[in-house]
Amino acid sequence: MTARTADRTRYDRATAHLDAPVAVVDLEAFDANADDLVRRAGGKPIRVASKSVRCRALLERVLARPGFAGIMSFTLAESLWLARAGFDDVLLAYPSADRSAYAELAADPELAAAVTVMVDDSAQLELIDAARAGGTEEIRVCLELDTSLRLLGGRVRVGALRSPLRSPGRLAELARSVERRPGFRLVGLMAYEGHVAGVGDSVAGRPLRSRAVRLMQAAARRELAARRAEVVRAVRAVAPGLEFVNGGGTGSVQHTAAEAAVTEIAAGSGLYVPRLFDNYTSFTGRPAALFAQPVVRRPGVGVVTVLGGGYPASGAAGADRLPVPYLPEGLRYDPQEGPGEVQTPLLGAPADDLLIGDKVWFRHAKAGELCERFDELRLIEGDRITATVPTYRGEGRTFL
């Protein structure tokens, strides 16, 4: 029996009394992945990316473990909700234009102490001031550095279109604007190298592409490490009380942690290990989050059809954004249909052993987006469900 077959037996046994669709998190795998992130971080604290978890109970679980500290949130409304729930260190990863949420933040001393907002443009400071609605609390601010790799004199750009702030001078200039502006305090810097942390460098069947990605990432790490150190020096000259410098992501934890200028690492997807994180040479995780769909038809030999399952992930459309049939091993999509909104045909020899009502287990392409499809996560230990916890959706929270 392979390890995957053994996992299927455990998951089927644990959920035998439940009808699919159902979503589970294998706590043994979740905890092992957390330990691996801590090992790779080499003593630097890991700030948990909430968008990759989207479940308060699991955020609490991982933050109770040594080596983890703080949350990186994805909307301001989510940040306030988490702060009110008792999370006392929440860094908003993206600039916001949520005026009503800024008014709440500026009016509440406990929220203002717990939440740090992201800024990369002085116009964002003006928006916050205009949204205060009389609130006078000091707003904690983090500046974001553009991490993209520029080649051929800037004509080629590799990396996400995020912050416009690239040079030490530009960062220092905005830092001075924050420091001079009443009602704001600069406390942090963030730089997310998504082209390193979020792009697999060992894609099966594509050796040339994989080598090209590895060469690009090696060059990007060298360039960014030098530039990030310069930026940190320039900003600390303006704001000596800077509390943190955040960097990294699941795919680059050990590389980013090695930079002296970085004080903490951001990671989240590495807890669930969705399918997009199978293609890395830097680490190997254990799939912890899965969902099951029920077999509802047997159209012919070597074919079964499950209910629903068409849960694509965000990003540029492509086959890599689709969930993958995982258990039993050997199933694949019908190329004419793929995973559908209401039904998904699956091909392969294992289909002939599946009966109406049996479960087929899938892995989502990305981490937390699975939780937008399910109200609850069943937490599995061994071959038992030991808890059922709500996702953000299950708590009535859909922030984006």
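The structure we're discussing is the one just above.
**Here's the deal with the pattern of salt bridges**
Once their charged atoms are close, side chains differing in charge can pair, the charge on each being opposite to the other. One pass over the full model with this rule turns up 34 salt bridges. When the shortest N-O distance is used, the salt bridge between Arg39 and Asp36 registers 2.6 Å. Linking Arg39 with Asp36, this pair stays in helix H2 (residues 27–41), spanning 3 residues, or about one helical turn. Residue Asp36 is classed as buried on the basis of its relative accessible area, which comes to 18%. Close ionic contact of Glu243 with Arg140 constitutes a salt bridge, the shortest N to O distance being 2.8 Å. A residue pair is termed long-range when its members are at least 10 positions apart, and Glu243 in the loop between helix H10 (207–238) and strand S10 (244–247) and Arg140 in strand S6 (residues 139–144) qualify at 103 residues. For Arg140, a relative accessible area of 9% translates into the label buried.

**Regarding the environment of Phe30**
Among the structural elements, Phe30 can be located in helix H2. For Phe30, a relative accessible area of 0% translates into the label buried. Between the alpha carbons of Phe30 and Val199 there is a distance of 21 Å; along the sequence they are 169 residues apart. In this view, Phe30 contacts Val25, Leu58, Arg61, Val62, Leu271, Tyr272 and Ala288; residues no more than four positions away in its chain are not counted.

**Re the packing of aromatic side chains**
Tallied over the full model, the rule gives 14 aromatic pairs. Between the aromatic rings of Phe30 and Tyr272, the centroid separation amounts to 6.2 Å while the plane-to-plane angle is 50°, which identifies the pairing as tilted. Taken together, the residues span a long stretch of sequence, with Phe30 in helix H2 and Tyr272 in helix H12 (residues 269–272) at a distance of 242 residues. Seen from their ring centres, Tyr311 and Phe374 are 6.1 Å apart, and the 85° between their planes marks the pair as edge-to-face. Highlighted residues: Tyr311 in the loop between strand S13 (303–307) and strand S14 (324–327) and Phe374 in the loop between strand S17 (359–363) and strand S18 (376–381), separated in sequence by 63 residues. In this structure, Tyr311 and Phe374 share a single accessibility class: buried.

**So, helix H4 (residues 76–84)**
In terms of residue burial, H4 counts as a mostly covered element, since 7 of its 9 residues are buried. Those residues of H4 not exposed but buried are Leu76, Glu78, Ser79, Leu80, Trp81, Leu82 and Ala83. Those residues of H4 that are buried lie in contact with helix H3 (56–63), strand S3 (68–73), strand S4 (90–92), helix H5 (99–107), helix H6 (109–114) and strand S5 (115–119). Capping the start of H4 is the job of one residue whose side-chain oxygen sits 3.0 Å from the backbone nitrogen of Glu78: Thr75. In the segment just after H4, Gly86 is the residue with positive phi, at about 110°.

Cut-off values and rules
Sequence order as written defines the numbering, with residues in each chain counted from 1. pLDDT decides what is reported in this predicted model: residues at 70 or higher carry local features, side-chain atom pairs at 80 or more are listed and counted, and totals for whole chains, interfaces and linings draw on all residues regardless. The basis for the side-chain values is all heavy atoms of the structure; hydrogens and waters are excluded. Salt bridges are defined by distance alone: a side-chain nitrogen of Lys or Arg within 4 Å of a carboxyl oxygen of Asp or Glu. In this description a helix means any DSSP run of H or I spanning at least four residues, a strand means any run of E spanning at least two, and both kinds are numbered starting from the N terminus. Only protein chains enter the accessibility calculation, which uses a 1.4 Å probe. A residue is then buried if its area is under 20% of the maximum for its type, exposed if over 50%, and partly exposed in between. Contacts between residues were defined by any pair of non-hydrogen atoms, one from each residue, lying within 4.5 Å. Think of it this way: a Phe, Tyr or Trp ring, Trp meaning its six-membered ring, pairs with another when their centres are within 6.5 Å, and the plane angle makes it stacked under 30 degrees, edge-to-face over 60, tilted otherwise. Under the rule applied, a polar contact is a pair of N or O atoms within 3.5 Å (in protein, one hydrogen donor and one hydrogen acceptor; residues adjacent in sequence only if both atoms are side-chain atoms).

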